[in-house]
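A structural walkthrough
Residue strings, one per chain:
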Amino acid sequence: MPRLFGLVGVVALAVAVVVLGLFAYGALMRWSGRTSEGYQILTAVPGASGFEPARLPAGPVLESQSSRDLAVNFGYRAGGIAHAYSLVLDFPPDVEEGQATLVARFAGRSATSEAPAVRRYDEPRHAYAVALHGSFGDGPGVPALCVKAVIGPSKGAYDLADASICVAQRDAAGQCHPETLACGLIRP
């Protein structure tokens, strides 16, 4: 019988260590400005009057996960809770129409939304921009987002030397709210 109690004690201790380790990992990610998946959280831009601020924040710098198209992972903080997203923009060379895929992750669940995307020349930035709104529903308990990504001056390839991503919350009517704007930079 003492051996059984010892075994139960060891199992209980192992479970406690795992639970405390997961809690400590989550706290470390939040403290370092990341989601629990390790994605960098976009910088809030308070007082924004439009969907893209006059000056972009210095960070975070998101790395494109693909050499063929644009694929970035990012976090967005709403109400003190960090939510994780992945965005893929796929445009054939020299074509303005493409495909956007947004994956939202929260509490171990994920939801994927796909929508057609069009890139337009953004004269102030001297680059092509892709604005996505009204197409992406809210996935597993995450805020619905309006997304604007600036992906470079060429339609032939992605030039991410001055690329950026800005997101804002979208309400049930599909309106983007610039007061919730958060941005980051994208680099190859």
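One structure accompanies this document, and this report is about it.

Reading the values: the criteria
Residues numbered from 1 in each chain as written. Predicted model: local features only at pLDDT ≥ 70, side-chain atom pairs only at ≥ 80, totals over all residues. Heavy atoms only, no water. Helix = DSSP H or I, 4+ residues; strand = E, 2+ residues; numbered from the N terminus. Buried < 20%, exposed > 50% of the residue type's maximum accessible area, 1.4 Å probe, protein only. Lys, Arg positive; Asp, Glu negative; His and termini not counted. Salt bridge = Lys/Arg side-chain N within 4 Å of Asp/Glu carboxyl O. Polar contact = N/O pair within 3.5 Å; in protein donor to acceptor, adjacent residues only side chain to side chain. Contact = heavy atoms within 4.5 Å.

Notes on the side chain of Arg 119
Take Arg 119: it is sitting in strand β6 (residues 109-122). One buried charge, Arg 119, has no salt-bridge partner; the nearest side chain with opposite charge is Asp 94, at 6.5 Å. A distance of 2.8 Å separates a polar atom in the side chain of Arg 119 from the backbone oxygen of Val 95. Beyond its immediate chain neighbours, meaning those up to four positions away, Arg 119 contacts Phe 91, Pro 92, Asp 94, Val 95, Glu 96, Tyr 128, Ala 129, Val 130, Ile 151, Ser 154 and Lys 155.

A short note on the environment of Ile 165
Along the polypeptide, Ile 165 turns up in strand β9 (residues 163-170). For Ile 165, a relative accessible area of 0% gives the class buried. Leaving out residues up to four positions away in the same chain, Ile 165 has contacts with Leu 42, Leu 62, Val 72, Phe 74, Leu 87, Val 147, Lys 148, Ala 149, Ala 182, Cys 183, Gly 184 and Ile 186.

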